[in-house]
Amino acid sequence: FKCITVCHAGAAFTFSSIHKKRPIHQILCHMESGHLKSFSRDKQVRRWCRANNVPIREFDQTGVTRCLQNRDDFSKKFHKFLNQKIVETPTASELAQMRQSRLLDLEKEHIKLHGKCNTL
């Protein structure tokens, strides 16, 4: 079963190509603290999402908070993150159902993406 496609192309352009053939209803991603290039990409994706009315939801994976005005509440927020309930791993049957209903098969749906793309 092939479920990950890696594209060496702009994220917003890739989303546009997919969205034209099969509407994107939402984007789920993890919150990232990275370098200027990834920050610029994230801003482009957010603009694309706003322009196309596609909600984007970021999940915190490290407890690092971006854009703090000061560090006064960092410790309190970090401990709140550490004490959150861990999301349960899907069962094998739940995972199979997700694969059938939520994943996109680029070849089957005849979606051509710009740049070099490989499905793993």
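Residues numbered from 1 in each chain as written. Predicted model: local features only at pLDDT ≥ 70, side-chain atom pairs only at ≥ 80, totals over all residues. Heavy atoms only, no water.

Caption draft 1: Here's a closer look at the overall build of the protein chain. When its secondary structure is counted, the protein chain shows four helices and four strands. Counting over 120 residues, the protein chain shows a buried share of 14%. In the protein chain, 74% of the contacts between residues at least 6 apart in sequence involve partners at least 24 apart. (Helix = DSSP H or I, 4+ residues; strand = E, 2+ residues; numbered from the N terminus. Buried < 20%, exposed > 50% of the residue type's maximum accessible area, 1.4 Å probe, protein only. Contact = heavy atoms within 4.5 Å.)

Caption draft 2: Representation of the environment of Thr62 in the model. Relative to the elements of secondary structure, Thr62 occurs in the loop between β3 (56–59) and α3 (74–82). Taking the relative accessible area as the measure of exposure, Thr62 reaches 39% and is therefore partly exposed. Sequence separation between Thr62 and Phe81 is 19 residues, and the spatial gap between their C-alpha atoms is 8.3 Å. Not counting residues within four places of it along the chain, the set of residues in contact with Thr62 comprises Phe78 and Phe81.

Caption draft 3: Quick peek at the confidence of the model for the protein chain. For the protein chain, the mean per-residue pLDDT works out to 81, and 87% of the residues sit at or above 70. The element-level mean pLDDT for the protein chain is lowest in strand β4 (residues 116–119), coming to 69, with helix α2 (residues 36–51) highest at 92. (pLDDT = per-residue confidence, 0-100.)

Caption draft 4: How the structure looks around unusual backbone geometry. Its identity is not glycine, yet Asn53 carries a phi of approximately 55 degrees, on the positive side. According to the relative accessible area criterion, Asn53 is exposed, its value standing at 69%.

Caption draft 5: Seen up close, the packing of aromatic side chains. Counted by the stated rule, this structure contains two aromatic pairs. Here the aromatic rings of Phe74 and Phe78 are separated by 5.6 Å at their centres, their planes lie at 15 degrees, and the arrangement is stacked. Taken as a pair, Phe74 and Phe78 lie in helix α3 at a separation of four residues, close to a single helical turn. (Phe/Tyr/Trp six-rings, centres within 6.5 Å; stacked < 30°, edge-to-face > 60°.)

Caption draft 6: Structural detail: the side chain of Ser17. Structurally, the position occupied by Ser17 is in helix α1 (residues 11–21). In this structure Ser17 comes out as buried when scored by relative accessible area, which is 14%. The contact partners of Ser17, leaving out residues within four places of it in the chain, are Ile111, Lys112 and Leu113.

Caption draft 7: View of the pattern of salt bridges. Under the defined criterion, the tally for this structure stands at two salt bridges. Arg46 is the partner of Glu58 in a salt bridge, and the nearest nitrogen-oxygen pair spans 2.4 Å. Residue Glu58 is located in strand β3, and its partner Arg46 is located in helix α2; the two are separated by twelve residues in the primary sequence. Since its relative accessible area comes to 28%, Arg46 is described here as partly exposed. (Salt bridge = Lys/Arg side-chain N within 4 Å of Asp/Glu carboxyl O.)

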